[in-house]
Amino acid sequence: MTLSPTSDRDPLALGDAARQLLGTRVQSAQRIARRAGGDAVASVCVPIPASIDLSAVVLGARRSDDRFLCIEQPGREGYAVCGLGAAI
């Protein structure tokens, strides 16, 4: 599997350390899935610039049948948690 950013200037592109960590986690998830005969999930969390509207990104990227979640708490310094997709 090859991991690469869409652009060096893309504020949502993963940096080198995050890409390396995700690659390591993907390999580990593949080993777990093979050993267990099922599925596994790999992820990495990274901070993003506060100027990015996470809800707008998720809502703009989703398809009509995608599962998604957006929780915003403006009273907590703009805290937001958003997700797109499903892990089964």
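Along each chain, residues carry numbers from 1 onward, in the same order as the chain's sequence is written. Owing to the predicted nature of the model, reporting of local features is limited to residues with pLDDT of at least 70; listing and counting of side-chain atom pairs is limited to 80 or more, with chain, interface and lining totals taken over all residues. The basis for the side-chain values is all heavy atoms of the structure; hydrogens and waters are excluded.

Topic: the packing of aromatic side chains
Counted only if it meets this: Any two of the Phe, Tyr and Trp rings considered here, Trp counted by its six-membered ring, make a pair once their centres fall within 6.5 Å; the pair's planes then place it as stacked at under 30 degrees, edge-to-face at over 60, or tilted in between. In this analysis the charged atom, NZ for Lys or CZ for Arg, is taken to sit over a ring once it is within 6 Å of the ring centre and within 35 degrees of the ring normal.
This model, assessed by the stated rule, comprises 0 aromatic pairs. When the ring centre of Y79 is taken as origin, the NZ or CZ atom of R76, which lies over that ring, is 5.1 Å away.

As for the pattern of salt bridges
Stated formally: Within this document, salt bridges are pairs made up of a side-chain nitrogen of Lys or Arg and a carboxyl oxygen of Asp or Glu, the two lying within 4 Å of each other. In DSSP terms, a helix is any run of H or I states spanning at least four residues, a strand is any run of E spanning at least two, and both are numbered starting from the N terminus. The classification of residues rests on relative accessible area computed with a 1.4 Å probe and restricted to protein chains. Under 20% of the type maximum is buried, over 50% is exposed, and intermediate values are partly exposed.
Taken as a whole, this structure holds 3 salt bridges when the rule is applied. Note that D16 and R19 form a salt bridge whose closest N and O atoms lie 2.3 Å from each other. With a gap of 3 residues between them, D16 and R19 both fall in helix α1 (residues 16-36), about one helical turn apart. Overall, D16 belongs to the exposed group, its relative accessible area being 60%. Connected through shared salt-bridge partners, R63, D65 and D66 make up one network.

Some thoughts on the confidence of the model for the protein chain
Worth spelling out the cut-off: Within a predicted model, pLDDT stands for the predictor's per-residue confidence, ranging from 0 to 100.
Scored by pLDDT, the protein chain has a mean of 86; 89% of the residues are at 70 or more. When mean pLDDT is taken per element in the protein chain, α1 scores highest with 95 and strand β2 (residues 79-84) scores lowest with 87.

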